[in-house]
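Listed below are the residues making up each chain.
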Amino acid sequence: MHLASVEVIPYALPFREDYVTARGRLEQREMVLLRLRTDDGLVGLGEAVPLSLRGGATLERVVAELSQLANRPDMGEGALLDEATLISEVFELSSPSRCATLTALMDLRGRFAAADGSSEDEDSRPVECNATLVAGEPAAVAEDALRWAEEGFSTFKLKLGAGDDVAQVRAVREAVGAEARIRVDANAAWDVDTARRTLAELEQFTIELAEQPVATLEELAELSHDSPIPIAADESVTNVEQAERAASTGACAYTGIKLSKVGGPEQAVAIADLLPAYVSSALDGPVGIAAAGQVAQTLHDTDRPERLDLAHGLATQLLFASTIGSVECELRAGMLHLPPGPGLGVEIDEEALEAHRL
């Protein structure tokens, strides 16, 4: 493959309603689309979601990193796309920038294999997803849960730490019934004592898991030893080393995995080999959701039963008021259906991209 161009395009998608968590409030999600184009017309798409609210790389940093990658001397028109060299340099980048680059290469490889006839057609299995409920007044959160339930969702994730937590969970449980699964996510808003007390109060509502109730692996381990609710990591497991430490200390029963947080699909699978895992959106656009959906499918190709019974947090495209995708994943009856095309299968709506460009 020969590289003809590299594009770095920052853009933002507005939410239907403000996205509220213990970390703050968002009116839109800022992202960066990376586009690798070969001289024979193939295009590989990647996406970076800066996680600055969680102390990660900013949008400006991600754009600068990917722009430097695009402007390197051997990445110009007609240059040989040397994946080994590119990948060796990618690991000097922030996690969102690594994710965008490695995802674009994965997409490009899939499209190249389809173009030369070396890929095999496989049935794409849908991925079960959870509903995502933002924090708010209990009655409003319960009403939101019912809207998701009407769309076919049976697992509900509540954002806690920014209101009356117990009242919100009670309202949702009463709304969706005893058979629905409820998981909670405090985004590390609590200390250990608060988490212990709050989880004890929530036990009556049959909670599937509590995601990142406290900040550090040490605090998670302390809490996990006597929590009545299984604990899941998120922010505190961002690489293989942290996953190994979490597994060895019993810090959590599960971990959520966001591709932009861990640095791409390969790292996500490596972490999931160490801890039972589900894949979550970092409020990604259509490219990130498709890549995460493929990772979720990979996690289900296993004989480890603890992986087979977890919904994934990949229904967040329903939170946005618009999209840049002309072809993208579809949500039907609580299941994410991946696009049928080669690679990620995502196609970009150029007019929509221009309208949302930053």
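Per chain, residue numbering runs from 1 following the sequence as it is written. A pLDDT threshold of at least 70 governs which residues receive local features in this predicted model, and a stricter bar of 80 or more applies before side-chain atom pairs are shown or counted, although totals over entire chains, interfaces and linings include all residues. Water and hydrogen atoms were dropped before computing side-chain values, which therefore reflect all heavy atoms in the structure.

A. Examining the overall build of the protein chain more closely. Where helices and strands are cited, they refer to DSSP runs of H or I of at least four residues and of E of at least two residues respectively, numbered from the N terminus. Secondary structure assignment for the protein chain yields 12 helices and 16 strands. Relative accessibility decides the category of a residue: with a 1.4 Å probe and only protein chains considered, values under 20% of the type maximum give buried, values over 50% give exposed, and everything between is partly exposed. Looking at the protein chain residue by residue over its 358 residues, the buried ones come to 54%. We call two residues contacting when some pair of their heavy atoms lies within 4.5 Å. The long-range fraction of contacts in the protein chain, counting pairs at least 24 apart against all pairs at least 6 apart in sequence, stands at 69%. Here the Shrake-Rupley method, with its probe set to 1.4 Å, supplies the accessible areas, and only the displayed protein chains count as covering residues. For the protein chain, the computed accessible surface area is about 14,700 Å², with 47% contributed by carbon and sulfur atoms.

B. Quick peek at unusual backbone geometry. Positioned with a positive phi, Thr206 is a non-glycine residue whose angle comes to about 55 degrees. Phi is positive for Gln212, close to 40 degrees, though the residue is something other than glycine. Here Gln212 lies in the loop between strand 9 (207–211) and helix 7 (217–224). Under the relative-accessibility criterion, Gln212 is labelled buried at 0%.

C. Examining helix 11 (residues 286–300) more closely. Taking 1.5 Å per residue as the helical rise, helix 11 with its 15 residues ought to reach 21 Å, and the 21 Å between its terminal C-alpha atoms agrees with that figure. Most of helix 11 is tucked away: 12 of the 15 residues are buried. Three or more residues of helix 11 are buried, namely Pro286, Val287, Gly288, Ile289, Ala290, Ala291, Ala292, Gly293, Val295, Ala296, Gln297 and Leu299. For a helix, the expected span equals 1.5 Å multiplied by the residue count minus one.

D. Geometry of the nonpolar core. The term nonpolar core refers to a set of buried residues drawn from Ala, Val, Leu, Ile, Met, Phe, Trp, Tyr and Cys, joined through side-chain atoms within 4.5 Å. Core analysis: the largest hydrophobic core is formed by 86 residues, its most contacted members being Leu33, Phe156, Leu158, Val184, Leu202 and Leu336. Setting aside anything within four residues of it in sequence, one finds Leu158 in contact with Leu133, Gln168, Val169, Val172, Ile182, Arg183, Val184 and Asp185. In terms of nonpolar packing, the next biggest core, distinct from the first, is built from 17 residues, Leu42, Leu59, Ala70 and Leu108 among them.

E. Highlighting the pattern of salt bridges. When a carboxyl oxygen of Asp or Glu is within 4 Å of a side-chain nitrogen of Lys or Arg, the pair counts as a salt bridge. Within this structure, the stated rule accounts for 23 salt bridges. The residue Arg332 makes a salt bridge to Glu330 at a minimum N-O spacing of 2.7 Å. By sharing partners, the salt bridges in this structure join Glu7, Arg35, Arg37 and Glu350 into a single network.

F. Layout of the sheet that holds strand 8 (residues 181–185). One open sheet accounts for 7 strands, arranged 6-7-8-9-10-11-12; its pairing is parallel. Pairing within the sheet leaves two strands with one partner each, and these edge strands are strand 6 (131–133) and strand 12 (277–279). Adjacent strand axes in the sheet meet at a mean angle of 25 degrees, parallel and antiparallel pairs treated alike. We call two strands paired when DSSP finds no fewer than two bridges between them. Relative to strand 12, strand 11 (residues 254–257) runs parallel, the two sharing 3 bridges. Axes here mean lines fitted to C-alpha atoms, for a helix over just the part in contact, with angles spanning 0 to 180 degrees between N-to-C directions.

G. The sheet that holds strand 5 (residues 127–128), seen in detail. Taken in spatial order, the 3 strands line up as 5-15-14 in an open sheet, and their pairing is antiparallel. Looking at the sheet topology across the chains shown, the edges are occupied by strand 5 and strand 14 (330–332). Two elements, strand 14 and strand 15 (residues 335–337), share 3 bridges in a ladder whose sense is antiparallel. Across the sheet, Arg332 pairs through a bridge with Met335, a residue of strand 15.

H. Structural view of the pairing of strand 11. Note: strand 10 (residues 231–233) against strand 11, 2 bridges, orientation parallel. Paired with Ala232 across the two strands is Tyr254, which belongs to strand 11. When the strands point away from the viewer and the path from the first strand over the helix to the second turns clockwise, the crossover is right-handed. Between the parallel elements strand 10 and strand 11, the chain passes through helix 8 (residues 240–249) in a crossover that is right-handed.

I. Structural detail: the environment of Ala315. Along the chain, Ala315 falls in the loop between helix 11 and strand 13 (325–327). Counting along the chain gives 17 residues from Ala315 to Arg332, while the straight-line C-alpha distance between them is 10.0 Å. Every residue in contact with Ala315, bar those within four places of it in the chain, is listed here: Cys129, Asn130, Trp148, Phe153 and Leu331.

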